[in-house]
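Chain by chain, the residues:
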Amino acid sequence: MVLTPLPDSRTEPDGSAVIRVLSYNVRSMRDDTAALARVIRACAPDLVLVQEAPRFLRWRKAAARLAKRSELVVLTGGATAAGPLLLCSLRVTVERTEDVLLPLTPGLHRRGFATAVVRIGGARLGVLSCHLSLQRDERLAQADLLLERLAAMDVEHAVAGGDLNDVPTGAAFARLAGRLQDGRAVRPWGGDATFTPQEPRRRIDAVFATPGVEVLGCGVPAGLPGVSDADLRAATDHLPVLAALRVPAAPRRKS
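## Observations concerning helix H1 (residues 33-43)
Here's step 1: Of all the positions in H1, only Thr33, Ala35, Leu36, Ala37, Val39, Ile40 and Cys43 are classed as buried.
Here's step 2: Taken together, the buried residues of H1 touch strand E2 (17-25), strand E3 (47-51), helix H2 (59-69), helix H6 (229-235) and strand E13 (241-247).
Here's step 3: Two to three positions downstream of the cap, the backbone nitrogen of alanine 34 sits 3.1 Å from a side-chain oxygen, assigning the N-cap of H1 to aspartate 32.
Here's step 4: Just downstream of H1 lies alanine 44, where phi reads positive at about 50°.

## Comments concerning the sheet that holds strand E11 (residues 205-209)
Here's step 1: As summarised here, the arrangement of the six strands in space is E6-E7-E8-E9-E11-E10, forming an open sheet in which the pairing is mixed. Bordering the open sheet on either side are strand E6 (93-101) and strand E10 (181-182), each of which pairs with just one other strand.
Here's step 2: In this structure, E6 lies alongside strand E7 (residues 112-120), joined through eight bridges in antiparallel fashion. Across the sheet, residue valine 94 finds its bridge partner in E7, namely valine 118.
Here's step 3: The strands that helix H3 (residues 136-152) touches are E6, E7, strand E8 (123-131) and strand E9 (158-163); relative to E7, the one it contacts most, it runs at about 30°.
Here's step 4: Of the strands in this sheet, E10 and E11 are in contact with helix H4 (residues 171-179), which crosses E11 at around 20°.

## A word on H2
Here's step 1: Within H2, burial applies to Trp59, Ala62, Ala63, Leu66 and Ala67. Down the axis of H2, the buried side of the element spans an arc of 135°, and every buried residue falls inside it. Across H2 from its buried face, at more than 90 degrees, point the exposed residues Arg60, Lys61 and Lys68.
Here's step 2: Contacts made by the buried residues of H2 are with H1, strand E4 (73-77) and strand E5 (85-88).
Here's step 3: In the segment just after H2, glutamate 71 is the residue with positive phi, at about 65°.

## Some words on the nonpolar core
Here's step 1: By size, the foremost hydrophobic cluster in this structure holds 32 residues, and its most contacted members are Tyr24, Leu36, Ile40 and Leu87.
Here's step 2: Elements represented by at least two residues in this core include exactly E2, H1, E3, H2, E5, H6 and E13.
Here's step 3: Per-element tally for this core: the top contributor is H1, with five residues.
Here's step 4: Beyond its immediate chain neighbours, meaning those up to four positions away, leucine 87 contacts Asp46, Leu47, Val48, Val50, Leu66, Ala67, Leu72, Val73, Val74 and Leu75.
Here's step 5: In this structure, Leu49, Val92, Leu125 and Cys218 belong to the second largest nonpolar core, which totals 27 residues.

About the cut-offs
- Residue numbers restart at each chain and count upward from 1, following the sequence in its written direction.
- For a predicted model such as this one, the threshold for reporting local features is a pLDDT of at least 70, and the threshold for listing and counting side-chain atom pairs is 80 or more; totals across whole chains, interfaces and linings nevertheless cover every residue.
- The basis for every side-chain value is the complete set of heavy atoms in the structure, and neither hydrogens nor water enter the calculation.
- Here's how the labels work: a residue is buried when its accessible area is under 20% of the maximum for its type, exposed when over 50%, partly exposed in between, all with a 1.4 Å probe on protein chains only.
- Secondary structure elements follow DSSP: runs of H or I no shorter than four residues count as helices, runs of E no shorter than two count as strands, and numbering proceeds from the N terminus.
- Should any heavy atoms of two residues lie within 4.5 Å, those residues are considered in contact.
- Residues adjacent in sequence count toward polar contacts only when both atoms are side-chain atoms; beyond that, a polar contact is any pair of N or O atoms within 3.5 Å, and within protein one must be able to donate a hydrogen and the other to accept it.
- By this definition, two strands are paired if DSSP reports at least two bridges between them.
- Note on geometry: axes are lines fitted to C-alpha atoms, helical ones only across the stretch in contact, with angles between N-to-C directions running from 0 to 180 degrees.
- The arc refers to the directions leading from the helix axis to the C-beta atoms.
- What makes a nonpolar core is a set of buried Ala, Val, Leu, Ile, Met, Phe, Trp, Tyr and Cys residues whose side-chain atoms join them at distances within 4.5 Å.

What follows is the structure, encoded as C-alpha cells:
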C-alpha cells in the first residue's frame, strides 16, 4: 500500500513553517543501523525525537554516526538526558537546548527529557523527546512533569513525542492528550499501532502538539516511498511515528 503523500517541508509566504517530526525508539542502535537510517531518511524529517539513544561507552560517537547516516545533525540529548535525543535538519536554527533528568525512583530506570527551542522559517517551536516509565504511578507523574516543562519553555507552540509505555486509554497518555493534540487522533495518516514491528497491536508511541499548531497528518509511515516493511522490522523494536505539522509564524521581535 502506498500512502497518500504528507506535505513536504516548506516555509509559507506568511512565515509559517510546514515541518515533519519523527518520533522513534531506536533500542540503543542494537539492531540494523543501516535499515534505521534508511527509514529516517525516507521520512525526510526536520526534527527527530529519539528514545533509547546509546547511553554508555562512546555514546556521542554513536549519536553522531546515526545523525550522519540519516543526513541530519545532533541537536541535544543522549546520555545526558538518560536516553532521549533530538536530531534535526540544517533547516533548523537552534535558540537553546536543555537536557533534563527526572526524579529517580529507587530500583527503576532513570528517565529524562531532551528539550530545545528552535526556529524554522518564521516559526518558533519548543521541542521535547521523552521515554516514560514502565511503572504506572511514575509514568503519570512524568506526564505531569512533561506538561510543566513545556509550559516552562515560554513558547507559544511546541511539539512533544516519544515512547509513552502507555496506550491511549491509559492514565498518562490520556493526561497528555487532554492538554495537547494527539497527532494521530486529530489527523490519522498511515498506520496506527507501533509495538511490536512484527505484530503491531499497541499504540504506545505518539507525537503531540500544543493548540495552535495545525496537524496535517500523523501515523506510522509504513508504505511511505522508501520505507520497506523489511527495514521497519529490522531497524528496532518499535515502529516510528511521523507527523506533518504547520507551525504559525512567531511575532517579530521589536528592535
